[in-house]
Amino acid sequence: MTDSAKETAEKVLDLKSEDPATVIWFSKMVAEQGEHTAAIEALDIHVKKYPTNITPKIHLAEMHLNAGDVDTAKLVLERILILDGISPEDYRLCAKLYQRIDEYHLALDCFESAYITIQKTHPETGSCVDVRIEIVDLHMKMGNFDRAIDELKTQINKTPEDISLHILLSDVLSHINRCEDALASLEKVKKLIDEQLGTKVD
């Protein structure tokens, strides 16, 4: 980044320092140039001035993590998760940061909180399925294959027409050598495609 470009970015930040999106934009831009200290300082100033803005705090944790300061990143995340009004997307962002440092149980807690929040506020959206899949993927990483299967079956019962869930279930079953069950799941996929297209699938 040239000095003039950085100066322009700093002027934009000064003009819109109350705007979370602007602060996040600035921090990402300077961090990409290797200026992690400047990125952290911008976010730190904002979150102290506007403590109810949760998303910038998550990005602050991310910047500390990118700078190699895992302990501070974890401390910021811990402080975030005791706050009220955390959105499902913010929970998911926290979960992904915890995954980066192999804190899988804490990541799972965040994903579960995201799912519960969506169920309470917008149960009709596809985000429920997306978060459930993230939970399944995490259980797979943790070696909890039976739990992954249970999670998938629970979601399939709620959205039985979702072909991607049946395919994922087949993949999980194949991974643990339950080949007959995996084939049965694929048969359901063929049936669903047949129903949705109105044609016979060979």
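Here, every reference points to the structure presented above.
Draft legend 1. A look at the packing of helix α2 (residues 20-32) against helix α3 (residues 36-49). Where α2 contacts α3, the two axes come as close as 7 Å, and the packing angle between them is 165°. The orientation of α2 relative to α3 falls into the category roughly antiparallel. Both α2 and α3 take part in a crossing whose hand is left-handed. Taking contact as the criterion, the partners of P20, V23, I24, F26, S27, V30 and A31 in α2 are, on α3, H36, A38, A39, A42, L43 and H46. When the residues that make up the contact of α2 with α3 are grouped by side-chain class, the tally is 10 nonpolar, three polar and no charged.

Draft legend 2. Local environment of the side chain of R92. Position of R92 relative to the elements: it lies in helix α6 (residues 88-100). According to the relative accessible area criterion, R92 is buried, its value standing at 11%. A polar contact is formed between the side chain of R92 and the side chain of E134, at a distance of 2.9 Å. Each residue touching R92, except ones within four places of it in the same chain, is listed here: F111, A114, D130, V131 and E134.

Draft legend 3. Representation of the side chain of N53 within the structure. Inspection of the secondary structure assignment puts N53 in the loop between α3 and α4 (54-66). One polar contact links N53 to H46, side chain to side chain, over a distance of 3.0 Å. Apart from residues lying up to four places away in sequence, N53 is in contact with E18, P20 and H46.

So, how was this worked out
- Residues numbered from 1 in each chain as written.
- Predicted model: local features only at pLDDT ≥ 70, side-chain atom pairs only at ≥ 80, totals over all residues.
- Heavy atoms only, no water.
- Axes fitted to C-alpha atoms, helices over the stretch in contact; angles between N-to-C directions.
- Helix = DSSP H or I, 4+ residues; strand = E, 2+ residues; numbered from the N terminus.
- Parallel < 35°, antiparallel > 145°, perpendicular 65-115°, else oblique.
- Left-handed = near helix turned anticlockwise from the far one by under 90°.
- Contact = heavy atoms within 4.5 Å.
- Nonpolar A, V, L, I, M, F, W, Y, C, P; charged D, E, K, R; others polar.
- Buried < 20%, exposed > 50% of the residue type's maximum accessible area, 1.4 Å probe, protein only.
- Polar contact = N/O pair within 3.5 Å; in protein donor to acceptor, adjacent residues only side chain to side chain.

Spatial relationships are all this shows, so hold off on functional conclusions.
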